[in-house]
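Each chain, letter by letter, is given below.
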Amino acid sequence: MPRTQPSLSRLRRIYQRLSQAELSAAEQDEALSLDDLGLETRGEREALALGVYSRRGLENVMREYGLLQRLEERGVGPLEIQLTFEDTFRPRIVLWSQRYQAAVVDIALRKVSGADVGVPPPQEARALLFVESLVLQHPGRSFDWKRPPMPGQVHPGLALSAEVLELMLLMARRVGAEGLALTPSTFAAAWVYASSLRFIDGAAQGRFVALRRAGREWPRWLLAWAVELDCIRGPAGAPVRFSPSPMLTSFSRRFERLFEDKGWRSAAKAQAEVPLTLDLQALQDRFPWERMPRGSPPEPIAEVLAYDPLVPA
């Protein structure tokens with residue numbers, strides 16, 4: 001059976017235990033041969049991702065945290081860790097499934113300032129680790145009606161997003177940043193991140209809350225498609241869309257004050273109280289049956305979506 005995910009306190013204890021030597025470790029054959037070959041030092045030859053991590057160091061980190069083991073327990077292993085970067089502070093980390101010849105985890109990172117993601121003064125110059133893109137997927141599994149695809153999904157997820165976000169927040173701390181930021185491309189992605197991050201813009205936070213409330217009696221995946229297909233209506237009947245906006249989480253008290261600001265809270269409250277409704281007729285007309293699993297949906301879903309098995313998807 002898969003192991004339970006480690007507690008956040010345990011992850012943080014592991015963080016404290018890891019040494020710089022483990023994080024920047026050279027490959028074994030490289031470490032043994034530098035002096036013999038008369039090469040320059042490793043620091044002169046090869047930059048470290050975010051100034052801290054080597055490829056071997058990332059492997060050490062992921063094994064210590066147990067991430068590689070839990071991924072392999074989900075049937076995606078064996079895994080190869082790949083590390084590339086445009087420059088030291090823009091790395092891309094890929095966990096590649098040799099079994100499926102596809103990425104299981106694909107993370108692109110960048111070190112930025114608060115101003116780059118819309119943080120207002122006086123914290124605009126503070127460093128953040130920005131997640132430019134994040135993919136967590138099981139390339140060997142197919143969607144079914146117990147877990148239909150969300151907008152933007154190619155393969156089912158891995159149920160590890162909270163743990164991966166926590167590990168990236170610890171990485172942010174390690175590289176001298178004060179928090180983790182990202183911009184979700186879809187409402188479905190924002191819902192996943194919302195357990196750990198909040199929108200930097202108070203109005204965006206409130207709109208997100210209102211969108212979730214509009215479909216509170218529906219399955220999450222169905223509401224995600226309703227938002228994606230412009231089937232959520234405002235008080236005047238106009239479509240209410242999800243607009244990508246930066247989100248943030250931090251271990252710094254300085255950044256947490258952003259969400260205690262009276263202006264942020266007022267904007268969030270005002271937008272959250274706007275009554276939104278799901279236009280069921282529009283959803284039925286626009287529903288992407290071609291993206292759905294084969295076979296008939298469960299009876300309650302079939303009824304809601306007016307499913308007709310005689311009409312080809």
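Being a predicted model, the structure only gives us computed values, none of them experimental.

Reading the values: the criteria
Residues numbered from 1 in each chain as written. Predicted model: local features only at pLDDT ≥ 70, side-chain atom pairs only at ≥ 80, totals over all residues. Heavy atoms only, no water. Helix = DSSP H or I, 4+ residues; strand = E, 2+ residues; numbered from the N terminus. Buried < 20%, exposed > 50% of the residue type's maximum accessible area, 1.4 Å probe, protein only. Contact = heavy atoms within 4.5 Å. Areas by Shrake-Rupley, 256 points an atom, 1.4 Å probe, with all protein chains shown as cover. 1 Å grid on protein atoms, 1.4 Å probe; cavity = no way out; pocket = protein on both sides within 12 Å on 5 of 7 lines; lining within 4 Å. Points joined across faces, edges and corners; volume = space filled by probe spheres on them. Pairing = 2+ DSSP bridges. Polar contact = N/O pair within 3.5 Å; in protein donor to acceptor, adjacent residues only side chain to side chain. Axes fitted to C-alpha atoms, helices over the stretch in contact; angles between N-to-C directions. pLDDT = per-residue confidence, 0-100. Salt bridge = Lys/Arg side-chain N within 4 Å of Asp/Glu carboxyl O.

Visitor: What should I look at first to understand the overall build of the protein in this one?
Guide: Check the secondary structure of the protein and you find 14 helices and 9 strands. The principal-axis extent of the C-alpha atoms belonging to the protein is close to 75 × 50 × 35 Å. Going through the 313 residues of the protein one by one, you find that 49% of them count as buried. A sequence separation of at least 24 residues applies to 66% of the contacts in the protein between residues at least 6 apart. In the form shown here, the protein has an accessible surface area of approximately 16100 Å², with 49% of it arising from carbon and sulfur atoms.

Visitor: Looking at this structure, how should I read the layout of surface pockets?
Guide: A water-sized probe rolled over the atoms picks out the places where empty space is left. Estimated volume of the largest pocket: approximately 860 Å³. Around the largest pocket sit 32 residues that line it, and Leu136, Gln153, Ala189, Val192 and Tyr193 are the ones nearest its centre. Those elements giving two or more residues to the lining of the largest pocket turn out to be strand E4 (127–136), helix H8 (187–193) and helix H10 (220–228). The greatest single-element share of the lining of the largest pocket, amounting to 6 residues, is contributed by E4.

Visitor: Got a minute to help me understand empty space enclosed by the protein in this structure?
Guide: Under the defined criterion, the tally for this structure stands at 2 cavities of 30 Å³ or more. Taken as a whole, the largest cavity holds about 210 Å³ of empty space. Taken together, 19 residues form the lining of the largest cavity, with Val61, Met62, Leu167, Met168 and Met171 sitting closest to its centre. At the level of elements, helix H5 (55–65), strand E3 (102–113) and helix H7 (161–174) are the ones that each hand at least two residues to the lining of the largest cavity.

Visitor: Teacher, can you tell me more about the pairing of strand E1 (residues 79–85) here?
Guide: Regular strands have side chains that alternate between both faces of the sheet. Of the strand pairs in this sheet, E1 and strand E2 (residues 91–97) are connected by 7 bridges, and their pairing is antiparallel. Bridge pairing in E2 links Ile81 to Leu95.

Visitor: Where do I start with the side chain of Ser24 in this structure?
Guide: Mapped onto the secondary structure, Ser24 falls in the loop between helix H2 (20–23) and helix H3 (28–37). A polar contact is formed between the side chain of Ser24 and the backbone oxygen of Gln20, at a distance of 3.0 Å.

Visitor: Honestly, the sheet that holds E3 in this entry has me stumped. Any pointers?
Guide: Note: strands within a sheet are paired through backbone hydrogen bonds, in either parallel or antiparallel orientation. One open sheet accounts for 7 strands, arranged E1-E2-E3-E4-E5-E8-E6; its pairing is mixed. At either end of the open sheet lies a strand with only one pairing partner, and these are E1 and strand E6 (198–199). For E3 and E4, the ladder comprises 9 bridges, and the chain directions are antiparallel. What sits directly across from Ala108, in E4, is Ser133. Helix-sheet contacts for H5 involve E1 and E2, and the interaxial angle to E1 is about 135°.

Visitor: In this structure, what is going on with the confidence of the model for the protein? I would like to understand it.
Guide: Detailed reading of the predicted coordinates is not advisable wherever pLDDT falls low. Put simply, the protein has an average pLDDT of 89, and 90% of its residues get 70 or more. Mean pLDDT per element in the protein: helix H4 (residues 42–45) is the minimum at 41, and E6 is the maximum at 98. The low-confidence segment residues 1–5, where pLDDT is below 50, has 10 contacts with residues more than four positions distant or belonging to other chains.

Visitor: Help me out: how do you make sense of the pattern of salt bridges in this one?
Guide: A side chain with one charge can pair with a side chain of the opposite charge if their charged atoms come near. Tallied over the full model, the rule gives 15 salt bridges. Between Glu59 and Arg55 there is a salt bridge, and its shortest N-O distance comes to 3.2 Å. Placement of the pair is Glu59 and Arg55 together in helix H5, with a separation of 4 residues, close to one helical turn. In this structure Arg55 comes out as partly exposed when scored by relative accessible area, which is 24%.

Visitor: Looking at this structure, how should I read unusual backbone geometry?
Guide: Only a minority of non-glycine residues have a phi that is not negative, and only a minority of peptide bonds are not trans. That bond from Gly77 to Pro78 is cis: its omega, -5°, falls within 30 degrees of zero. Locating Pro78 in the fold gives a position in the loop between helix H6 (67–73) and E1. Of note, the phi angle at Gln101 is positive, near 50°, even though the residue is not glycine. One can find Gln101 in the loop between E2 and E3. For Gln101, a relative accessible area of 52% puts it in the exposed group. Of note in the backbone geometry, Ala306 takes a positive phi value of approximately 55° without being a glycine. As for its placement among the helices and strands, Ala306 is situated in the segment after helix H14 (299–304). By relative accessible area, which is 48% here, Ala306 ends up partly exposed.

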